[in-house]
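Here's the letter readout for the chains.
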Amino acid sequence: MTHVHKQLTLADIARQLDATLVGSGELPIRGLATLKDAGPDQVAFLANRAYFKDLATTRAGAVLLHPEHGKTCPVPRLELDNPYLGYARLSQLFDPVPARDRTGIHPSAVVAESVQLGAGVCIGAQAVVEDGVMLGDNVVVGAGSVVGADSMIGEGTRLHANVTVCHGVAIGKRAILHSGCVIGGDGFGFAHDGVAWHKIAQLGGVVLGDDVEVGSCSSIDRGALGDTVIGNDVKIDSQVQIAHNVCIGDHTALAGCVGIAGSTKVGKHCMLGGGVGLSGHLTICDGVQVTGMSLVTNSIHAPGVYSSGTGAMPNQQWRKNAVRFKQLDDIAKRLSRLEKSQRRD
Amino acid sequence: MTHVHKQLTLADIARQLDATLVGSGELPIRGLATLKDAGPDQVAFLANRAYFKDLATTRAGAVLLHPEHGKTCPVPRLELDNPYLGYARLSQLFDPVPARDRTGIHPSAVVAESVQLGAGVCIGAQAVVEDGVMLGDNVVVGAGSVVGADSMIGEGTRLHANVTVCHGVAIGKRAILHSGCVIGGDGFGFAHDGVAWHKIAQLGGVVLGDDVEVGSCSSIDRGALGDTVIGNDVKIDSQVQIAHNVCIGDHTALAGCVGIAGSTKVGKHCMLGGGVGLSGHLTICDGVQVTGMSLVTNSIHAPGVYSSGTGAMPNQQWRKNAVRFKQLDDIAKRLSRLEKSQRRD
Amino acid sequence: MTHVHKQLTLADIARQLDATLVGSGELPIRGLATLKDAGPDQVAFLANRAYFKDLATTRAGAVLLHPEHGKTCPVPRLELDNPYLGYARLSQLFDPVPARDRTGIHPSAVVAESVQLGAGVCIGAQAVVEDGVMLGDNVVVGAGSVVGADSMIGEGTRLHANVTVCHGVAIGKRAILHSGCVIGGDGFGFAHDGVAWHKIAQLGGVVLGDDVEVGSCSSIDRGALGDTVIGNDVKIDSQVQIAHNVCIGDHTALAGCVGIAGSTKVGKHCMLGGGVGLSGHLTICDGVQVTGMSLVTNSIHAPGVYSSGTGAMPNQQWRKNAVRFKQLDDIAKRLSRLEKSQRRD
């Protein structure tokens, strides 16, 4: 657990969450926890009916919940129409990370003279910011991170430790880049001369919108000619690979280990499950959900949920079925033959 | 090959491996190799019957093997009941890495004043150790690695170069973290307001047990409220993603490219093959093995081997079968119809 | 987009591409773009018939194309038999990256005294080069990169920012390593004593040939005893995992998220699609192509295209079929029974 030293009154919290407080506003709150684990100085929340059973016995100082559960709450409460959203806001109030930021440039950091710095910028130990970079107000560059030449980072964006932003990348406002991620590495482009490969210099960049989050060790490659474009409020988990010239629409979420091949366009409000793969040059329309580890090899033109693959089963059973899969076309043909002959009878 | 300058006598090795030496103990040994490749100053080993054929002709200075093969060995030998385990111990005797560690803090490293350092700690060039960190005896922090505020690292643990340990992470003793791995990046948690995503601050941490190994470029995300917990002696390969609040039992091994979604619990002594995916909120019991690239979407309550998917085949054959897969339900229904009609005859 | 300040005349370009110029050679060219987007100071190219429709209306200063399309070109042209290869060469002429290299060692870099440096070497800010390393002429070590002890890097090789080359790694000439990649982390090797794992020290190295490219966040593990070997002109995309003692033949290309398990040998001129997995100890012959996300569990002895898995479909349809997959062996048996009984009639 991280140590949270902050303290707020229940009234402060109600105000900041725009929630209806029922109970004493004086109560000092030092954090949040589940209904089960919360103590008298913590706020708990009920956002999922599965945990309703824990409400009656909670020791929390207060509970964040929907008005419909108000009466059954044994302790002071914060009523909200969307308690899960309330939990998100509450969690941010107790986030210890921003409190640790130290405005200014750490003496060990290397920042080129030509860099333009906004107000309140924090550049951490051993970080490198190269020529021609523009950092907006309150940008945080974590320890060991590198920002390549001519890149622009919008106000309030945070690079955690050991992030790499390559040259000529544009990142919007309030983005969060986690450790080990790489924005703007070369796309995978080569011409073949019959024997050997010849590199196609990747002259495009990467454009990340506002409120984008990129997880640990994820990579977003730069475009070949045009840019790779990530829309606003796109959320990208860890170990994700986004190839050159991909475009991703606003508010789309990609879970861990997703891989998207070159020039594919993903719409707005899509959700790709963990390990999903999209082939190159596809168009996926708005509002598409793809379940975990599915392979998409054709464009999708209708919103909805899509899947591929087969769920795990005991290995012995699986072996028999997997062998039959290789006979599937034959099985289908034999079945048709039987049907025909039967009609003849 | 890395250069190994160390020299031991065969007698030294027998003593350290607790093996029965048959032959002269004076023999100087400078390394180890396979039965085929080993020279007179190297020890070879026979741990797999497949290589028995190479025993008669080996040029090795000595061979590590099971007593049952002793008589057929043409050179001095080290007899052990578990020769593969003996090979593991032997390999550690000739590991060149520890010899390169230089106790102390490299002048280019940035170590906060409040850091507590055990005896024999080595902190490499350009490394960063932030406020409130505790490093146990003989901890090694590799070049360019960053240890975030308030993290604790147990004695004898090694961070290779360019590792990132985020804030509030607890790592046990004798752990090994390989380059590019990230421990404690944010889990993937957001609340949706109907249009946009709102970040849920990830207030939990990560707890790694003793003797844990994490491979290159792997990521273990911090918990949302509680911690992500990795048990003792858990071995994690490269390119693995472990999401927030996952728990992994002692002695479990995860091969490369495994992805485990949020809040899933994996038991003890499990083995997940390369590229395996586990959905979120599952419980996998002790002693489960999952074969490569299988997708597990339901909890598993019985030990054993589990699989999914279909093996590769020539593309033309595959196309026909893959098309039939989409008709599979129809095929099954038509088959039942035929069976019924036949019974009627 | 990255800013390209370079200017060449059309005649210069024709000379460097060894193309036949038709039109005025004086024309100043500042970059390249697609037929649709190119302006009067840019060269466009026609390498794919799909874009032939854009030729008539292009505003490009000149077009790179095959002689067969020469007559229909409304602007000056550069004729070449392989226009796509021409595009690759042209792109390199306008690559802004090399122009930014600054020969010498950045004052913040840490370079061991014993390091041997070729002519024109560039070592970036916060980089670390350890004892016994040899860097060939014009090697570039990017900001924050670490080169481990006793490694050798051939002339003209570029490490981008935050790359990790571990100890005892040999890299050929003109290789390109992208940010976040790790060459030479430990392979995944352990001996089991019945309860716990015992580490097998990974004493081998990694050998990369000439003209190899490794993408962002990819990892190539070092060998257990012998080396992991990557041939010449092997192209590796982002998020790829190559396990210990794998050998990859010349001119083979691995797309993003590929995973190759230990000791597998891949031939020359192979192409593995995104997310492909190869089990350990396999042999894949020359000229094999494997389509995206396929799992290969057996050796392949004939060149050709191989696939596995099933494409995505609407989830409702998929659920029915996936359930039937688990009955596939039963379905096949019932079908045979029907066939037999019918013959009896």
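Cut-offs applied
Residues numbered from 1 in each chain as written. Chains lettered and ligands numbered in written order. Predicted model: local features only at pLDDT ≥ 70, side-chain atom pairs only at ≥ 80, totals over all residues. Heavy atoms only, no water. Contact = heavy atoms within 4.5 Å. Salt bridge = Lys/Arg side-chain N within 4 Å of Asp/Glu carboxyl O. Polar contact = N/O pair within 3.5 Å; in protein donor to acceptor, adjacent residues only side chain to side chain. Pairing = 2+ DSSP bridges. Helix = DSSP H or I, 4+ residues; strand = E, 2+ residues; numbered from the N terminus. Expected span 1.5 Å × (residues − 1). Buried < 20%, exposed > 50% of the residue type's maximum accessible area, 1.4 Å probe, protein only. Least-squares fit on C-alpha atoms with pLDDT ≥ 70 in both. Arc of directions from axis to C-beta. Phe/Tyr/Trp six-rings, centres within 6.5 Å; stacked < 30°, edge-to-face > 60°. Axes fitted to C-alpha atoms, helices over the stretch in contact; angles between N-to-C directions. Buried area = accessible area lost by both parts, 1.4 Å probe. Domains from an automatic or database assignment. 1 Å grid on protein atoms, 1.4 Å probe; cavity = no way out; pocket = protein on both sides within 12 Å on 5 of 7 lines; lining within 4 Å. Points joined across faces, edges and corners; volume = space filled by probe spheres on them. Nonpolar A, V, L, I, M, F, W, Y, C, P; charged D, E, K, R; others polar.

A.B. asks: Just give me the short version of the interface of chain A and chain B, but keep the residues and values in it.
C.D. replies: With 71 residues of chain A at the contact, the number on the chain B side is 79 residues. Between chain A and chain B we count five salt bridges in total. Across the salt bridge formed by R102 of chain A and D131 of chain B, the nearest N and O atoms sit 2.4 Å from each other. Counting across the interface, chain A meets chain B through 31 residue pairs in polar contact (both at pLDDT 80 or more).

A.B. asks: Account for the sheet that holds strand β26 (residues 219-221) of chain C, naming residues and giving values.
C.D. replies: Residues and elements named next belong to chain C. In spatial order, the strands read β9-β12-β15-β18-β21-β26-β29-β32-β35-β38; together these 10 strands make up an open sheet with parallel pairing. The sheet is open, and its two borders are formed by β9 (110-111) and β38 (295-296), each paired with just one other strand. Of the pairings in the sheet, the one linking strand β18 (residues 164-165) to strand β21 (residues 182-185) comprises two bridges and is parallel in character. If you follow T164 over to β21, its bridge partner there is V182.

A.B. asks: Kindly report on helix α5 (residues 328-344) of chain B, identifying the contributing residues and their values.
C.D. replies: Counted at 1.5 Å a residue, the expected span for α5 of chain B with its 17 residues is 24 Å, and the 25 Å between its end C-alpha atoms agrees. Within α5 of chain B, burial applies to L328, D329, I331, A332, R334, L335, L338, E339 and S341 of chain B. Where α5 of chain B is buried, its residues touch α4 (328-344) of chain A, α4 (315-325) of chain B together with α4 (315-325) and α5 (328-344) of chain C.

A.B. asks: Outline the relation of the copies chain A and chain B, supporting the account with residue identities and numerical values.
C.D. replies: Mapping chain A onto chain B calls for a rotation angle of 120 degrees and an axial translation of 0.0 Å; the resulting RMSD is 0.0 Å. Such a turn and shift between the copies fits a three-fold axis.

A.B. asks: Account for helix α1 (residues 10-17) of chain B, naming residues and giving values.
C.D. replies: One turn of the α-helix equals 3.6 residues, which is why residues spaced by three or four share an orientation. Of all the positions in α1 of chain B, only L10, I13, A14 and L17 of chain B are classed as buried. Buried residues of α1 of chain B, seen end-on, are gathered within an arc of 100 degrees and therefore sit on one face of the element.

A.B. asks: Tell me about the packing of aromatic side chains, residues and numbers included.
C.D. replies: According to the stated counting rule, one finds 15 aromatic pairs over all chains in the structure shown. Centroid distance F45 of chain A to Y87 of chain A: 3.9 Å. Interplanar angle 10 degrees. Geometry classified as stacked. Remark: Y87 of chain A occurs in helix α2 (residues 83-93) and F45 of chain A occurs in strand β5 (residues 42-45); sequence separation between them is 42 residues. By the burial criterion, F45 of chain A is buried, and Y87 of chain A matches it. With centroids separated by 6.3 Å and ring planes inclined at 65 degrees, the aromatic side chains of F190 of chain B and W197 of chain B adopt a geometry described as edge-to-face. Across the pair, W197 of chain B and F190 of chain B agree in class, each one buried. Each member of the aromatic cluster is reached from another via a ring pair, and the members are F45, Y84 and Y87 of chain A.

A.B. asks: Any chance you could break down the sheet that holds β5 of chain A for me, citing the residues and the numbers?
C.D. replies: Residues and elements named next belong to chain A. Strand order in this open sheet of five strands is β2-β7-β6-β5-β4, and the pairing throughout is mixed. The open sheet terminates on both sides in strands that have one partner only, identified here as β2 (20-22) and β4 (31-32). Here three bridges tie β2 to strand β7 (residues 77-79), and the two strands are oriented antiparallel to one another. The residue bridging V22 from the neighbouring strand is R77, located in β7. With respect to the sheet, α2 is in contact with β4, β5 and β6 (62-65), its orientation differing from that of β6 by roughly 130 degrees.

A.B. asks: Now, about the interface of chain C and chain A: what can you tell me, with residues and values included?
C.D. replies: Each partner contributes residues to the interface: chain C has 71 residues there, and chain A has 79 residues. Overall, the association of chain C and chain A removes approximately 6000 Å² of surface from exposure, summing both partners, and the carbon and sulfur fraction of that is 62%. For the interface between chain C and chain A, the tally reads five salt bridges. In this structure, the connection of chain C to chain A is made through 28 residue pairs in polar contact (both at pLDDT 80 or more).

A.B. asks: Which residues make up the domain arrangement of chain A, and what values do they have?
C.D. replies: For chain A, the assigned domains read domain 1 (8-93), domain 2 (106-306) and domain 3 (316-345). A straight line from the C-alpha centre of domain 1 of chain A to that of domain 3 of chain A covers 58 Å.

A.B. asks: Could you give an account of empty space enclosed by the protein, with specific residues and numbers?
C.D. replies: Under the criterion given, the structure shown has four cavities of 30 Å³ or more. Put simply, the largest cavity is a space of about 170 Å³. The wall of the largest cavity is formed by 18 residues, among which N162 and G180 of chain A, N162 and G180 of chain B together with G180 of chain C lie closest to the centre. Split by residue class, the lining of the largest cavity holds nine nonpolar, nine polar and no charged. What the second largest cavity holds in volume is close to 80 Å³. Residue lining of the second largest cavity: Q126, G144 and N162 of chain A, Q126, G144, V146 and N162 of chain B together with Q126, V128, G144, V146 and N162 of chain C, and that is the complete set. Broken down by class, the residue content of the lining of the second largest cavity amounts to three nonpolar, nine polar and no charged.

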